[in-house]
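Tertiary structure, described
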Number of protein chains: 2
Amino acid sequence: MTGTLYGLGIGPGDPELITLKALRLLQAAPVLAYPALEDGESLARAIIAPHLTAPKIELAIRIPMTVAREPAQAAYDKAAEEIGAHLSAGQDVAVLCEGDPFFYGSFMYLFGRIAENFPVEVVPGVSSLTACATALQSPLSARNDILTVLPAPLSSDILRARLAETDSAAIMKVGRHFERVRDLIMEMGLGDNARYIERATMANEKILPLSEVPADAAPYFSMILIHKRGQAWK
Amino acid sequence: MTGTLYGLGIGPGDPELITLKALRLLQAAPVLAYPALEDGESLARAIIAPHLTAPKIELAIRIPMTVAREPAQAAYDKAAEEIGAHLSAGQDVAVLCEGDPFFYGSFMYLFGRIAENFPVEVVPGVSSLTACATALQSPLSARNDILTVLPAPLSSDILRARLAETDSAAIMKVGRHFERVRDLIMEMGLGDNARYIERATMANEKILPLSEVPADAAPYFSMILIHKRGQAWK
């Protein structure tokens, strides 16, 4: 009997935004794996720390943050091998995924490597997308609105073209692209329709008008939501 | 002291996909409100039924399913008034929202009517978007992919134009538009990239190849996910 790989969406940051299902599987699994920075910290593990009731085998997956793809691919290969060894030995492994495992998550790289050889169950989680919208008290989309999710690293031309055509948009991974994206939103006349938030639902959540975000200080976990129709839901 | 309105995302259907936070607020609220069909059934209430530990005051919000907007608006006005009476009396009211309250949810109509006069807290939930992706074992989007959410009632021209430009797409509310949308996907050569699912995470969840979905039988809670890049996550 081989073990099962569980890809658990643990939600956007507030430990209380984990689902009952993810919590149950997390607490039952003898082996826990999670992404971690190269120097040690793991946001995912910090999020679920209040829920850890018993010691487990823990695997920190440390992915080099390089522009080149190969070092990261090698790290995923190694992690998949380590996880596979536990699964082969009959142990279930729970992989912690911030937000939702399949919404811009790194879990898919493990999934792609493991799903052909072992049973995998993926548990959806509250994504940063809806967490940001609720924290901003700002509905994402209504009725037949088109909602477009745009990673900020895309070129300004692509961002402009997609923003021109959509009813609402979420611009993710803003970070060091903030200044360029803010200027582009202003040029398009969408400043009044845009709202900025960082680290939604976490203890250090911050909501700011676009004009007050320090140009160089937007973190990776920041998002801009845009609703062309304003308060269309009234 | 007035009460607080809680808009609770209760997840896509599996009662275990509610968050700890929504569960806590649900169980603490003396008054429960939820959308219901005109003839009585409430899917939202059925989802949380296993979690009801004590009797509560219950308000079924019955919205007429007409093409004209006015009857629905009048029903939301009436519901907001009833809820407001409880809030004025100092009672918290929990409104159940399938999926996430601000992701194509009807909660925003209550929110728009109540948030100016009473404190409102919105709790994000697992949306059908990510629930469908995980049930299909099919990542929604990776890296700098553009993800576009398209309601199926949009015109074929708009659907075609947006599908042509995006990396991945979720077509929601497929229902009676299934045949037209399927043909359009096939014409665009995206048939092999598309996956169909109905009632994700519910007891009667169904996953079918596009070619095997009965033309007239797709329910409202059905979705088609399209990934142009195939298994880009490998």
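Scroll up a little and you will see the structure.
Right, let's walk through the structure included here. (Residues numbered from 1 in each chain as written. Chains lettered and ligands numbered in written order. Predicted model: local features only at pLDDT ≥ 70, side-chain atom pairs only at ≥ 80, totals over all residues. Heavy atoms only, no water.)

**What about the sheet that holds strand β2 (residues 31-36) of chain A?**
All names here are of chain A. The strand order β3-β2-β4-β1-β5 describes an open sheet built from 5 strands, whose pairing is parallel. Both outer strands of the open sheet, β3 (57-62) and β5 (120-123), are each paired with one neighbouring strand and no more. Taking the axes of each pair of neighbouring strands and ignoring which way they run, one obtains an average angle of 20° across the sheet. Judged from the 6 bridges that link them, β2 and β3 form a sheet pairing that is parallel. Bridging across to β3, Y34 finds its partner in A60. Those strands touched by helix α4 (residues 107-114) are β1 (5-9), β3, β4 (93-97) and β5, and its axis lies near 160° from that of β5. (Pairing = 2+ DSSP bridges. Helix = DSSP H or I, 4+ residues; strand = E, 2+ residues; numbered from the N terminus. Axes fitted to C-alpha atoms, helices over the stretch in contact; angles between N-to-C directions. Contact = heavy atoms within 4.5 Å.)

**A closer look at the relation of the copies chain A and chain B**
With an axial shift of 0.0 Å and an RMSD of 0.0 Å, the rotation relating chain A to chain B amounts to 180°. What the superposition gives is, in effect, a two-fold axis relating one chain to the other. Of the residues that chain A buries at the interface, 100% are likewise interface residues in chain B, meaning the two copies contact each other through the same surface. (Least-squares fit on C-alpha atoms with pLDDT ≥ 70 in both.)

**Thoughts on the interface of chain A and chain B**
Each partner contributes to the interface: chain A provides 58 residues, whereas chain B provides 58 residues. For the pair chain A and chain B, the summed buried surface comes to about 5100 Å²; carbon and sulfur atoms form 59% of the total. Together, E16, L20 and R143 of chain A form the three largest contributors to the area buried by chain A at its contact with chain B, with a combined 13%. The interface formed by chain A and chain B contains 2 salt bridges. (Buried area = accessible area lost by both parts, 1.4 Å probe. Salt bridge = Lys/Arg side-chain N within 4 Å of Asp/Glu carboxyl O.)

**Quick look at the packing of aromatic side chains**
What the rule picks out here adds up to 12 aromatic pairs over all chains. With 5.1 Å between their ring centres and 40° between their planes, Y76 of chain B and Y109 of chain B make a pair best called tilted. With a gap of 33 residues between them, Y76 of chain B in helix α3 (residues 70-88) and Y109 of chain B in helix α4 (residues 107-114) connect regions that are remote in the sequence. Note on accessibility: Y76 of chain B and Y109 of chain B belong to one class, buried. Relative to Y104 of chain B, the ring of F103 of chain B lies with its centre 5.0 Å away and its plane at 90°, an arrangement referred to as edge-to-face. Taken together, the ring pairs connect F102, F107 and F111 of chain A into an aromatic cluster. (Phe/Tyr/Trp six-rings, centres within 6.5 Å; stacked < 30°, edge-to-face > 60°. Buried < 20%, exposed > 50% of the residue type's maximum accessible area, 1.4 Å probe, protein only.)

**A look at the state of the cysteines**
Residues and elements named next belong to chain B. Throughout the structure, instances matching the rule amount to 0 disulfides over all chains. Free of any disulfide, C132 has its nearest cysteine sulfur in C97, 18 Å distant. Of the residues examined, C132 reaches a relative accessible area of 5% and is grouped as buried. (Disulfide = S-S within 2.5 Å.)

**Notes on the sheet that holds strand β5 (residues 120-123) of chain B**
Residues and elements named next belong to chain B. If you trace the 5 strands from one edge of the open sheet to the other, you get β3-β2-β4-β1-β5, paired in parallel fashion. Taken across any chain shown, the strands that pair with only one partner, and hence form the sheet edges, are β3 (57-62) and β5. Across the sheet, the axes of successive neighbouring strands diverge by a mean angle of 20°, strand direction being ignored. Alignment of strand β1 (residues 5-9) against strand β4 (residues 93-97), held across 5 bridges, turns out to be parallel. Bridging across to β4, G7 finds its partner in V95. Packing of helix α1 (residues 20-28) onto the sheet brings it into contact with β1, β2 (31-36), β4 and β5, and relative to β1 it is tilted by some 140°.

**Here's the deal with unusual backbone geometry**
Only a minority of non-glycine residues have a phi that is not negative, and only a minority of peptide bonds are not trans. One non-glycine residue with positive phi stands out, namely Y104 of chain A, at about 55°. Structurally, the position occupied by Y104 of chain A is in the loop between β4 and α4. Using a relative accessible area of 12% as the deciding quantity, one classes Y104 of chain A as buried. Of note in the backbone geometry, R143 of chain B takes a positive phi value of approximately 45° without being a glycine. Within the secondary structure, R143 of chain B sits in the loop between α5 (128-135) and β6 (147-151). Among the residues examined, R143 of chain B registers a relative accessible area of 27% and is labelled partly exposed.

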